[in-house]
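Structural overview for review
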Amino acid sequence: MATSKIKMKNTQLQKSQLEEVLKDQWLFRRYEDEHIPVIEVDSFPELGRIMALRFIEWVQHNPEGVVSLPTGKTPEYFIRWMHHFLENWDVPEKQTLLNQYRLLPEKPDFSRLTFVQIDEFFPMPSDHPNSFIAYIKRHYLKPFGFDMERALLMDLDRLTWPEGLSVKDIFPDQFIDLSLRTRTPRSDAEAIQREAIFQLDAFAQEYEHKIRELGGIGFFLGGIGPDGHIAFNVRGSDFYSTTRLTYTNFETQAVSATDLGGIEISAKKAVMTIGLGTITYNPEVIALIMAAGEAKATILAKVITGPASIINPASVLQQVKNARIYLTKGAAVKLPQRTLQKFRSRATYAEDDVVRATMDLSLKYQTPITNLTARQVSDDPYCLTILEIRGWTPAMLKDAALELILSRLNKGAETQTDKCFLHTGPHHDDILLGYLPSIIHQVRSITNQHHFAIMTSGFTSIPNAYIQRVLYDALGYLLHWDFIKRWESGYFMLPPDHLRVHDASDFLTGVVSGSEDIQKACVSRRIIGAVMDIYGEEDPAGIQERMGQILDDIRNRHPGEKDPEDIQTLKGMLREFEEDLVWAHYGFDAQYIHHLRLAFYKGEYFTEDPTVHADIPPIRELFADVKPDILTLAFDPEASGPDTHYKVLEAITTHLEELSPTDRKRLEIWGYRNVWHRFHPGEANMYVPVSINSMAIVNYIFKTCYLTQRDASFPSYEYEGPFSELVQRILVEQFQMLRTALGPEFWYQHNTPRLRATKGILFMRSMTFDELHASARSLRESVGRI
């Protein structure tokens, strides 16, 4: 690694011509309350495209500069656009685009740049596919053409450890006890661990020294964590912090859980990270943050418009003159002046605007809408804008808002009749977590039909520890008299759909009778059937041998490592069994539960995009068979939650484009959100009343049926526990919004028992196809351009 100091002319700011173009396009606008300049774009893919162009521009003017680029899921489209531009540089269409953004025509040369790794988990083998070193080599160094010798990497495998031991020998349980820095070791093992920690500290100090010798980082691009962290500088990090070995917090551990094989693993890890002071050391650094989706809006508003504070680590960029934050529209919705200006610039205001403005005002004053004074209404800039455009008085605005809120509550409480529902979920448990309280009431009408379609196989959410436990149980079951009797009777040769019905029904019998043995036997039967189906095993001896081989394979894999296709299928079939159990509670068997296993879901770090030829035909066939009147879908058009939600939405939207105008017009679409993202009450137009009983059912069914999720190995960063408990908290919070807006007496004295019993509210959005299409991009629109 070259350590000669880079001349500062290579890291000084060149005035960005691209930013001038963005200003002309009204994407780069400054507001007084924003302490970090913001560039706002329409979509997640567009965010990646603009970031790629900005990076290319900087490299063209700083060919010997020092760069740090992000890892994780956020830079997916940045990476894809970079690869696309570099591979198609001389294509006339691309040259026209580059010229449009005032970039130089010469292809950028990355070979003289110095790449500085931002962070890494520890312990983490460098050859682990999910290590950040592997990520950097796979997505940046090799494809872009960086000189590997000039890369400054956190390759901790190269360190020589005390007494010639390996990291695994020194930290056998993967836990790094940093208190050993300041306390006396209690054993020889702890003494060796302390020596290793000091060695890591020395590495961090030398790493920081090398960065400063280079003049600091010239171009920094990062994402932002749920607590406002950049790199692994979590909440509370010193603005002057340097490279160090440290711990993360729960939010960061939860976000990292999928990559590492579960939070029980990510919680043990320490991290090596550059500091906030490292990022800001070069006073001319171009420090850029990218963020997509409304789920990031709250923390971004604090970082951008709040005071600089260690509570929101990314706010350190307020002190960096060349800092910028690139956002999608959803991520910018809580930036006050920006949002107000966009609101005022519109020519018309819809019903959603009336509800949003009055609800926000009610919640601001913690006062029912009817009790808001004329002065409070007219002093609010959003309400005042509506009054002026519509020619209303404050009383008229309040009356209109109350009428809309009550109509949305009535819509949510309405039980449909003579309707065919097609409920879709990107993953198993999305439907239950998203809107089971609504389904509970819709299934009560015998005139309705219900079909449940899970679009992907969901295998990534099964920890290796769970599949090992299940396989050991199944090996024991192979010797049990119940298995022997069923094998001899030909039970395992029944058609697969028959087995699905039997196993699900028997499992629930085990639940109500309190028999863990029956439940375990049903799971064992399902995994035995899966092994027979996947591997073609035809006798107990072959099944037993195959299970042993699967166990050996899993034991030899790093947690979080991509599984081979056969184990992916095996894990996915267990998830499918869980979904069968859920809907068996309501009498829906295999003919009503559709496991589509869309082809794009392959366990890649970046989930591949659906394709028209591979992923649309199963959706097309399902629609042709079911002929739904009401379609439900996870509505996340900006990828606020898992990227699978976003990509399934693209795939469904693409199929809906194929329908005839008549079929599209008759289809009602219900959008839902769950633990990853929420509707504002102004966005939702269905407010479903939820009782304590319904919330208890959600919690009970989740913990009973989603066996792989009981331990919350892949939790939300918002809650340390099962998703079902977080759902209850969300439903209660949403009820408190309506309770405030309508006043407590509305609920106490309502003439309907269901509303008197309401303790939670579920927000959904009913849409036409045109309304959906205005928000959700199809594959042809968003992916076809790359």
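Residues numbered from 1 in each chain as written. Predicted model: local features only at pLDDT ≥ 70, side-chain atom pairs only at ≥ 80, totals over all residues. Heavy atoms only, no water.

So, the packing of aromatic side chains
Formally: Note on aromatic contacts: the rings of Phe and Tyr and the six-membered ring of Trp form a pair at centre separations within 6.5 Å, being stacked when their planes are under 30 degrees apart, edge-to-face when over 60 apart, and tilted otherwise. Secondary structure elements are taken from DSSP: a helix is a run of H or I of four residues or more, a strand is a run of E of two residues or more, and numbering for both begins at the N terminus. Three exposure classes are used, based on accessible area relative to the maximum for each residue type with a 1.4 Å probe and protein chains only: buried under 20%, partly exposed in between, and exposed over 50%.
Applying the stated criterion across every chain, the model contains 47 aromatic pairs. Between Phe 121 and Phe 232, the aromatic rings sit 5.3 Å apart at their centres with planes inclined by 55°, giving tilted as the arrangement. Of the two residues, Phe 121 is situated in strand S5 (residues 119-122) and Phe 232 in the loop between strand S6 (219-222) and strand S7 (244-246); the sequence distance between them amounts to 111 residues. Phe 232 gets classed as buried once you look at its relative accessible area, which sits at 6%.

Section: the sheet that holds S5
Under the convention used in this document: Two strands pair if DSSP finds at least two bridges between them. Note on geometry: axes are C-alpha line fits, over the in-contact stretch for helices, and angles between N-to-C directions span 0 to 180 degrees.
In space, the three strands of this open sheet follow the order S5-S8-S7, with antiparallel pairing throughout. Unpaired on one side and paired on the other, S5 and S7 mark the two borders of the sheet. Going across the sheet, the axis of each strand differs from the next one's by a mean of 25°, ignoring polarity. In this structure, S7 lies alongside strand S8 (residues 270-273), joined through three bridges in antiparallel fashion. Bridge pairing in S8 links Arg 244 to Thr 273.

Examining helix H23 (residues 565-584)
Note the threshold: Helices are assigned an expected span. That span is 1.5 Å times one less than the residue count.
Look at H23: 28 Å from first C-alpha to last across 20 residues, which is about the 28 Å you get at 1.5 Å a residue. The buried fraction of H23 amounts to 16 of the 20 residues, a majority that puts the element mostly inside the structure.

Here we look at the nonpolar core
The cut-off we apply is this: Buried Ala, Val, Leu, Ile, Met, Phe, Trp, Tyr and Cys residues that are joined via side-chain atoms within 4.5 Å together make up what is termed a nonpolar core. Whether two residues touch is decided by their heavy atoms; if any such pair falls within 4.5 Å, the residues are in contact.
Membership of the largest hydrophobic core comes to 73 residues, with the highest contact counts inside it found for Leu 432, Phe 507, Ile 527, Ile 528, Met 547 and Trp 583. Sorting elements by how many residues they give to this core places helix H21 (residues 516-535) first, with nine residues. What Leu 432 contacts, discounting residues up to four positions off in sequence, is Val 582, Val 698, Ile 701, Phe 702 and Tyr 706.

Remarks on the pairing of strand S12 (residues 449-454)
What counts here: Handedness of a crossover is defined as follows: with both strands directed away from the viewer, a clockwise route from the first strand across the helix to the second makes it right-handed.
Counting buried positions along S12 yields five of six residues, so the element is predominantly enclosed. Bridge analysis of strand S11 (residues 420-425) against S12 gives six bridges, and the strand direction is parallel. Bridge pairing in S12 places His 423 opposite Phe 452. Crossover S11 to S12 through helix H17 (residues 430-442) is right-handed. Pairing of S12 with strand S13 (residues 593-595), which is carried by three bridges, proceeds in the parallel orientation. In the strand pairing of S13, Ala 453 is matched with His 594.

With respect to the packing of H17 against helix H27 (residues 692-705)
Under the convention used in this document: Here roughly perpendicular refers to angles of 65 to 115 degrees, roughly parallel to angles under 35, roughly antiparallel to angles over 145, and oblique to all remaining angles. Crossing handedness follows the turn of the near helix against the far one: under a right angle anticlockwise gives a left-handed crossing, and clockwise gives a right-handed one. Throughout, the ten residues Ala, Val, Leu, Ile, Met, Phe, Trp, Tyr, Cys and Pro are labelled nonpolar, Asp, Glu, Lys and Arg are labelled charged, and all others, Gly among them, are labelled polar.
The N-to-C vectors of H17 and H27 enclose an angle of 130°; their axes lie 10 Å apart at closest approach. Overall, the two elements H17 and H27 adopt an arrangement that is oblique. Like other packed secondary-structure pairs, H17 and H27 cross with a definite hand, here right-handed. Only Ser 694, Ile 697, Val 698, Ile 701 and Phe 702 of H27 make contact with H17, whose side of the interface consists of Leu 432, Leu 433, Leu 436, Pro 437 and Ile 440. Classifying every residue of the contact of H17 with H27 by side-chain character gives nine nonpolar, one polar and no charged.

Points about the side chain of Ser 515
Structurally, Ser 515 is set in the loop between helix H20 (496-512) and H21. Judged by its relative accessible area of 18%, Ser 515 falls in the buried class.

Examining the sheet that holds S11
Read across the sheet, seven strands follow the order S13-S12-S11-S14-S15-S17-S16 without closing on themselves; strand pairing throughout is mixed. The open sheet is flanked by S13 and strand S16 (686-691), the only strands paired with a single partner. Between one strand axis and the next, the sheet turns by 25° as a mean value, whatever way the strands run. The strands touched by helix H24 (residues 616-626) within the sheet are S11, S12, S13 and strand S14 (630-634), with S11 carrying the most contacts at an inclination of about 155°.

Remarks on the side chain of Gln 568
Formally: Throughout this description, a polar contact denotes any pair of N or O atoms lying within 3.5 Å of each other; where both atoms belong to protein, one of them has to be capable of donating a hydrogen while the other can accept it, and for residues adjacent in sequence the pair is counted only when both atoms sit in side chains.
Residue placement: Gln 568 occurs in helix H23. Here Asp 563 takes part through its backbone oxygen, which lies 3.1 Å from a polar atom of the side chain of Gln 568. Residues within four places of Gln 568 in sequence aside, it is in contact with Phe 459, Lys 562, Asp 563, Lys 602 and Gly 603.

Let's talk about the environment of Ser 766
Structurally, Ser 766 is set in strand S17 (residues 758-767). Ser 766 gets classed as buried once you look at its relative accessible area, which sits at 13%. When near neighbours in sequence (up to four residues on either side) are disregarded, Ser 766 contacts Lys 411, Glu 668, Ile 669, Trp 670, Asn 685, Met 686 and Glu 771. For Ser 766, the side chain forms a polar contact with the side chain of Glu 668, separated by 2.7 Å.

A word on the confidence of the model for the chain
Under the convention used in this document: A residue's pLDDT is simply how confident the predictor is in it, with values from 0 to 100.
Residue-level pLDDT values for the chain average 93, and 97% of them are 70 or greater. The low-confidence segment residues 1-13, where pLDDT is below 50, has 39 contacts with residues more than four positions distant or belonging to other chains.

Considerations on unusual backbone geometry
Cis geometry is found at the peptide bond from Phe 122 to Pro 123, where omega equals -5°. Within the element layout of this structure, Pro 123 appears in the loop between S5 and helix H5 (132-144). Here the phi dihedral of Trp 26 falls at roughly 65°; this positive angle occurs in a residue that is not glycine. Within the secondary structure, Trp 26 is located in the loop between helix H1 (17-24) and strand S1 (28-29). The exposure class assigned to Trp 26 is exposed, which follows from its relative accessible area of 58%. A positive phi angle is found at Arg 102, which is not glycine, with a value near 60°. Looking at the secondary structure, you find Arg 102 in the loop between helix H4 (92-100) and strand S4 (114-115). You can call Arg 102 partly exposed: its relative accessible area is 40%.

Observations regarding the environment of Glu 264
If you trace the backbone, Glu 264 turns up in helix H9 (residues 263-266). Residues Glu 264 and Asp 711, spaced 447 residues apart in sequence, show a C-alpha to C-alpha distance of 9.3 Å. Apart from residues lying up to four places away in sequence, Glu 264 is in contact with Pro 463 and Ser 713.

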